[in-house]
Each structure stands twice: as C-alpha cells, then as structure tokens.
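A closer look at the structure
Below are the chains, spelled out letter by letter.
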Amino acid sequence: MEKPASAFEYAPAPESRAVVDIAPSYGLFIDGEFTEAADGRVFKTVAPATEEVLSEVAQAGEADVDRAVRAARRAFASWSALPGSERAKYLFRIARIVQERSRELAVLETLDNGKPIKETRDSDLPLVAAHFFYYAGWADKLEHAGFGRRTTNGHSGASPRPLGVAGQVIPWNFPLLMLAWKIAPALATGNTVVLKPAETTPLSALFFADVCRQAGLPKGVVNIVPGYGDAGAALVAHPDVDKVAFTGSTAVGKEIARTVAGTRKKLTLELGGKGANIVFDDAPLDQAVEGIVNGIFFNQGQVCCAGSRLLVQESVQDELLDALKRRLTTLRLGDPLDKNTDIGAINSAEQLARITALAERGEAEGAERWSPACELPSTGYWFAPTLFTGVTQAHTVAREEIFGPVLSVLTFRTPDEAVAKANNTPYGLSAGIWSEKGSRVLAVANRLRAGVVWSNTFNKFDPTSPFGGYKESGSGREGGRHGLEAYLDV
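Predicted, not measured: the structure shown is a model, and the values here were computed from it.

Quick notes on the pairing of strand β8 (residues 192-196)
Counting buried positions along β8 gives five out of five residues, so the element sits mostly inside the fold. Judged by which residues are buried, β8 turns out to be covered on both faces: Thr-192, Val-194 and Lys-196 on one side and Val-193 and Leu-195 on the other are all buried. One crossover worth recording links strand β7 (residues 165-169) to the parallel β8 by way of helix α5 (residues 175-188), and it is right-handed. For the handedness criterion, the β-α-β arrangement of β8, helix α6 (residues 203-214) and strand β9 (residues 222-224) is classed as right-handed.

Put into structure tokens, the structure is as follows:
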C-alpha cells in the first residue's frame, strides 16, 4: 500500500469485463427454465467495489420454493434410477464446462462478490471444477464407500440409497465454490437439489443454471431460487425436503436446527469460526508470515475458517510482528478486477458496518489497533487490513467472529497454554500450527478441538479432504468420502 518509487510506477493490470455478459434481469431457475417469481418481486444485486447495479433478479417466495421442490421431487424418480455411471457423465460434463467458462465465471464472481480476480481465477474456479470431477468419480462406486454395516469379508453390506430432495442454502463469501461443495455430492449420490444462493451474490448460481442446461442435465434435477431469508426459511421448513445443508452464520444455523428438530430431515451445518493460528518459537517465521496473511486477509477475512486469532510464542513476538507489519505495507488494496490486487471490497454495506463496529469496540476495550498506510477508494465498501495487539481472551475481538480483515494477536509461553487459549472459544472449525518439529505439530494438533488443522500452511482445500467443525462451528462434514454420507440413506 506504500506508493512505489517513481522509477517503478505501478502499472494496473485489469481483467476485461467484456468476457462476461450480464443480462439486465434474471428469473428463478425452476424445472429447467428461467421464470418470474409468483408475486413478481425482484431485487437488485450490486458490485461491492463500485456500488454499481449489476442486474435485477427475481425474488423467490414461499410459493416459488414450493414449485421448485415439486419440480425436484418429480425429477428425483428418474434421476435416482439412473446408473451411477450415467450420473457421472453429467457431472464430468459440468466440470469440463466450468473449466471452459472459468475466465467468464471468475470475472462474474469478482464483480458480484468483490473479492480479487486472482482469488476467483486461481483458487475458487479450479476448486469448483475439481469438486465436480471428484464426485463424478464416486457416482458409480457408492457401494464401495464403506458406509453401513460390514459383512464377514469386510465389504459393506448396505446398499446406499439417495435421500430425495436436498434443500441447500449457501453464503455470499464463496458463492460458486459453496454451490459446488453441495450440489456435486448431492447429484453424485442420486439426489435432486433446490439451492438458495445469498441475496448479495446470486449471479454465479444463475450462470451455473445455464451450465446445467449446457450439460444437458435433466429438468428439475437442479433448481436455483435466489431470494432473502424468508425463501431460505421456506426451503428448510418445506415438508417434502429430505435433506438440508446450510453454510452461514451460527445464529441462522441454530434457527435451522430448531426448525428441523423432530423431523426426518438429515442436516449438515457449516457455521462460523474463530480459528487460531499458533506460531511456535522454532517456526520458519517468513513462511509463517505468509501463512498468517493468507489465513486472515484472503477474501478480506470473509472466511469461516479464517485464522483470525494469532497465537505467537512470547520469545518471537516482536520479531514476528515486525515482519508481519512490513508484509502488510506491501499488500495492494483496490480494484478487485486488477490482477495485482490483494485486498478487494467487503461484500456489502451491512457487513462493512459490522466489521467497523467490532473494530471500534476492540479499540474501546483497550486493544492497540494498527493498519498500514492505506488510501481507500471513495466508492464501494472497503476496510483496511487491521491488527490488534495487547489483546486478551476477554476482548470482544478475540471472542466474536468479525468476518473481515481483522487479526487479533495473543501470546503464549508453553504448548499447554497455546492449546488452552486456542480451545477457549465456542467455535471449533479450523486452526494452524507453525513449527519445524513434526512431533510438536502432531502432539498439539491432537489436542485442538478443531475440524481442520493445517501444519505450516493455511487455507488449503482439496475435494478429497473432509471439512467441518465442532461446537458452534456446526455438525457434519463436507468434502471427501465423508461428504457422500450426508446425502445417503445407509
């Protein structure tokens, strides 16, 4: 964020918007067709970086959700009856089309979400395609996945069956990737889907509906119903939905759990987090700094598994913080479509207000706030990368999920203290450990109550690896072989 020397003036490298054609309006995608909402309601989706209106989108209500669920139920009979090898062909086609259209989809996601193009291009889209490829490979092997009871020869004695209609509600921080995490295993296992994208980021899901048509997916197998919380609530509560999958806030997750309680519906929840990134005195500090930056400033910190609490051993605190502050001065904040941008826009005015309020509370409670010199654009939703030092476990910034580019720094002296502080949270989604000693990494990881623990890295994802949390970070696992079971009756 420092102005470069005059001899090396910065040269912008914007990605062209011309690769994506955004229509002035979009309908709901139900039974293979785009259609208006029953009551004619619409809402606007805006670009967080510029506040420009990108498109007008039909707003689903209860009647539209019911129509989508009925379409999914009709499609379920024939879709579930297909051999797994035939379902796999559709998933392979979808994966290949996503790859072919990846540049278009990356630009679209950056426009609608506000995250840097290098993240959508290099992280999100390759993972979206990888999830469809991975679950396509499982579609004809479900009986060998190891679910159900075991026979004397060690093979599964169960014949896994699809559940039926899956109601899926996804967040705005990784719109297309969260869609892939949910739709790919659902289709591979023979279920049909009604998906509600977040109201601030509906466009990539609607483009995915076009991908489904391009792949020849039978009508009704995937239905997309953009809307607000009332549409999500109607989907969760619908009596003909057999499976609910939700990624989002812990508060909404608790409400969904209450709605589903006492029904036959299967439920997976992937909720909030307050991940600890633990740096020991023998860690490779330069590498750790990169991991810390990736852990909290990737996607502007709007990541459920962000490493938002840095636990650093006292003996290396000063050295690490000096290096971290130097690194933050080199981050570039600005136009998300610029290929050199590191920090993009916050997704919405509402989210920016929440981040701002929590950061101000951190200052009011006595933590020391620091940000690099940073000029914020005059339009759009922006927040400078921020560090808090002098933080205790009593501070709000150490306890509450901020979901923004804000890092709280705490210290520890012994591994026992590091573990105690890391686990002192109602959440349990992720953690990172930095040390050159493999034995220490394994010993500490085994004591952390977190669903994912990274060793000398952070925010590494793979479709073959399960992801999920403990406590208020949710229940169930997505990804890997474990992600299949959530969509099967075993």
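Quick notes on the environment of Ala-359
Counting through the fold element by element, Ala-359 comes out in helix α11 (residues 349-364). Sequence separation between Ala-359 and Pro-372 is 13 residues, and the spatial gap between their C-alpha atoms is 15 Å. Every residue in contact with Ala-359, bar those within four places of it in the chain, is listed here: Arg-369, Phe-383 and Phe-388.

Observations concerning the sheet that holds strand β4 (residues 42-46)
Strand order across the open sheet formed by three strands is β1-β5-β4, with mixed pairing between neighbours. In the strand order of this sheet, the two ends are held by β1 (25-26) and β4, each with one partner. Relative to strand β5 (residues 53-58), α6 is tilted by about 65°, and along the sheet it contacts β1, β4 and β5.

Quick look at the pattern of salt bridges
One side chain can pair with another of opposite charge once the charged atoms of both are near each other. If you walk through the whole model with that rule in mind, you get 34 salt bridges. Between Asp-342 and Lys-118 there is a salt bridge; the shortest N-O distance is 2.6 Å. Residue Asp-342 is found in the loop between α10 (317-328) and α11, and its partner Lys-118 is found in helix α4 (residues 117-138); the two are separated by 224 residues along the sequence. A single salt-bridge network, built from bridges that share partners, covers Arg-73, Asp-240, Asp-242 and Arg-264.

Looking at the sheet that holds strand β15 (residues 386-389)
Pairing is mixed in the open sheet, where seven strands are placed in the order β14-β15-β16-β13-β12-β17-β18. Looking at the sheet topology across the chains shown, the edges are occupied by β14 (368-370) and β18 (452-455). Put simply, the sheet's adjacent strands are angled 20° from each other on average, direction ignored. Contacts between helix α13 (residues 415-423) and the sheet are confined to β12 (276-279), β13 (309-313) and β16 (406-412), with β13 contributing the most and set at about 170° to the helix.

What to know about unusual backbone geometry
Here Asp-31, not a glycine, exhibits a phi torsion of approximately 55°, which is positive. Using a relative accessible area of 27% as the deciding quantity, one classes Asp-31 as partly exposed. Positive phi, close to 65°, is recorded for Glu-51, a residue that is not glycine. As for its placement among the helices and strands, Glu-51 is situated in the loop between β4 and β5.

Analysis parameters
- Residues numbered from 1 in each chain as written.
- Predicted model: local features only at pLDDT ≥ 70, side-chain atom pairs only at ≥ 80, totals over all residues.
- Heavy atoms only, no water.
- Buried < 20%, exposed > 50% of the residue type's maximum accessible area, 1.4 Å probe, protein only.
- Helix = DSSP H or I, 4+ residues; strand = E, 2+ residues; numbered from the N terminus.
- Right-handed = clockwise from strand over helix to strand, strands pointing away.
- Contact = heavy atoms within 4.5 Å.
- Pairing = 2+ DSSP bridges.
- Axes fitted to C-alpha atoms, helices over the stretch in contact; angles between N-to-C directions.
- Salt bridge = Lys/Arg side-chain N within 4 Å of Asp/Glu carboxyl O.

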